[in-house]
Amino acid sequence: MKANIIGLSLVILVVSGCKPKPDVSAPLNDRLWGQEGGLAVYLYTLSNKNGMEVKITNYGGIITSVKVPDKKGVKDNVVLGFDSLSSYQSGHPYFGSLVGRYGNRIAKGKFVLDDIAYSLAVNNGVNHLHGGIKGFDKQVFRVDTAWSAMDSAVLELSYLSPDMEEGYPGNLQVRVSYVITGSNEIKIWYEAETDKATVLNLTNHSYFNLTGCRENILNHELVLMADSITPTDTTLIPTGVLAPVAGTPFDFTSAHKIGERIGEVPGGYDINYKLRNITGELVKVAEVYEPISGRLLEVFTTQPGVQFYTGNFLDGSLKGYQGINYQKHHGFCLETQHFPDSPNKPGFPSVVLRPGEQYKHLTVYKFSVR
Ligand code: GLA
């Protein structure tokens, strides 16, 4: 009876969109996965009664696998990843990672905030990318909560990023909560506070492949509720203007196969879309359907942008689950975010976080079949 009441209150909280606060916990299934810098790294399994099973590690907050059923009920892993910690430690292009302090690029790693010039680590040609040389994707997070109840599971991770880490000002306390719900959703809450004015743009860099990672993603059908993109220069820094997608291969306002017009986009898609939700409410922004498996992924977010990236830099050199070599376009990312290089673009929504303010964002990846 007690378990039922706990389960019911959890379901109400999850449905209403609040972050659930457990009063009783059944520990999550976890195992010691290895070590990084003398700190213990664990792999957690979060599941629900539908048989959805998500694995997340406190190394880089990485989602390492997401098993969901296809239309025949056959479960398969729909994200790119590895089954050993050492594979992640040997280097990878942010598979499933929690990206910070800044998702995507900051031009030449420089910005000015309150008349102070900051220089960040430069790790992508002349630019700063995804938090620098040792971004959040390579940090060991503290595990604050790891529990399951009835039909849901929660993993709360936190990290104190010290003042000037990778060049960013302020001691930044970050909390990221992953919740698996009974409706086959992965909810990711991002929260942070700082003790000095800083810039912040957290995201998750999962590469999805709804075939169960068996084929490339070019036959997936995408709808992106976005009317414009932020075009970039040759180093992938936004020029600062917004360009309408209408009449271009970037227009996914109605369903198109990802591969249909990709040949017209040199290298493949790697671009930030300005979403329609400017209010900061949680709204649906994307839908991806894979016709053979019948799997559907819906994306909801409070963020103003999303980076649509089609795994253009994958080249077959990384071998993931089931011994599959990840070739070009083997996964797609929908990285919900603020726009790249916002610290240098006064016209873009602000990414400044000040002492006393609370950074708060929510993104939901929901799986079903059609
Ligand atoms: C992001 C970027 C890409 C690339 C990948 C990681 O999506 O926009 O250009 O750097 O991350 O390989």
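Residues numbered from 1 in each chain as written. Predicted model: local features only at pLDDT ≥ 70, side-chain atom pairs only at ≥ 80, totals over all residues. Heavy atoms only, no water.

Caption draft 1: Broad picture of the site of the ligand. Taken together, 14 residues lie around the ligand, and R105, H130, H205, D270 and E335 are the ones closest in. A distance of 2.9 Å is found between an oxygen atom of the ligand and a side-chain nitrogen or oxygen belonging to N104. Within the side chain of Q307, a nitrogen or oxygen atom sits 3.2 Å from an oxygen atom of the ligand. Coverage of the ligand by the protein chains reaches 96% of its 300 Å² of free accessible surface. Here the residues of the shell around the ligand are counted per class, giving seven nonpolar, four polar and three charged. (Near = heavy atom within 4 Å. Polar contact = N/O pair within 3.5 Å; in protein donor to acceptor, adjacent residues only side chain to side chain. Areas by Shrake-Rupley, 256 points an atom, 1.4 Å probe, with all protein chains shown as cover. Nonpolar A, V, L, I, M, F, W, Y, C, P; charged D, E, K, R; others polar.)

Caption draft 2: Seen up close, the pattern of salt bridges. Scanning the entire structure with this criterion turns up 14 salt bridges. Of the charged contacts in the structure, one is a salt bridge between D137 and K138, with a shortest N-O distance of 2.9 Å. Residue D137 is classed as buried on the basis of its relative accessible area, which comes to 2%. A salt bridge links D163 to K196; its shortest N-O distance comes to 2.7 Å. Residue D163 is found in the loop between β13 (152-161) and β14 (172-180), and its partner K196 is found in the loop between β15 (185-194) and β16 (198-199); the two are separated by 33 residues along the sequence. A single salt-bridge network, built from bridges that share partners, covers K284, E287, E298 and R370. (Salt bridge = Lys/Arg side-chain N within 4 Å of Asp/Glu carboxyl O. Buried < 20%, exposed > 50% of the residue type's maximum accessible area, 1.4 Å probe, protein only. Helix = DSSP H or I, 4+ residues; strand = E, 2+ residues; numbered from the N terminus.)

Caption draft 3: Broad picture of the sheet that holds strand β22 (residues 270-275). Pairing in this open sheet of five strands is antiparallel, and the strands run β20-β19-β22-β25-β26 from one edge to the other. Strands at the two margins of the open sheet, each flanked by one partner only, are β20 (243-244) and β26 (333-337). As defined by bridge partners, strand β19 (residues 226-229) adjoins β22 across three bridges and the pair is classed as antiparallel. Each residue of the ladder has a partner; that of I229, found in β22, is Y273. (Pairing = 2+ DSSP bridges.)

Caption draft 4: Spotlight on empty space enclosed by the protein. Counting across every chain of the model gives one cavity of 30 Å³ or more. Roughly 50 Å³ of internal volume is contained in the largest cavity. N104, R105, T230, T232, L236, P238, D270, I271, N272, Q307 and P340 are the residues that line the largest cavity. Here the lining of the largest cavity takes three residues from β22, the largest share from any one element. For the lining of the largest cavity, a count of residues per class yields four nonpolar, five polar and two charged. (1 Å grid on protein atoms, 1.4 Å probe; cavity = no way out; pocket = protein on both sides within 12 Å on 5 of 7 lines; lining within 4 Å. Points joined across faces, edges and corners; volume = space filled by probe spheres on them.)

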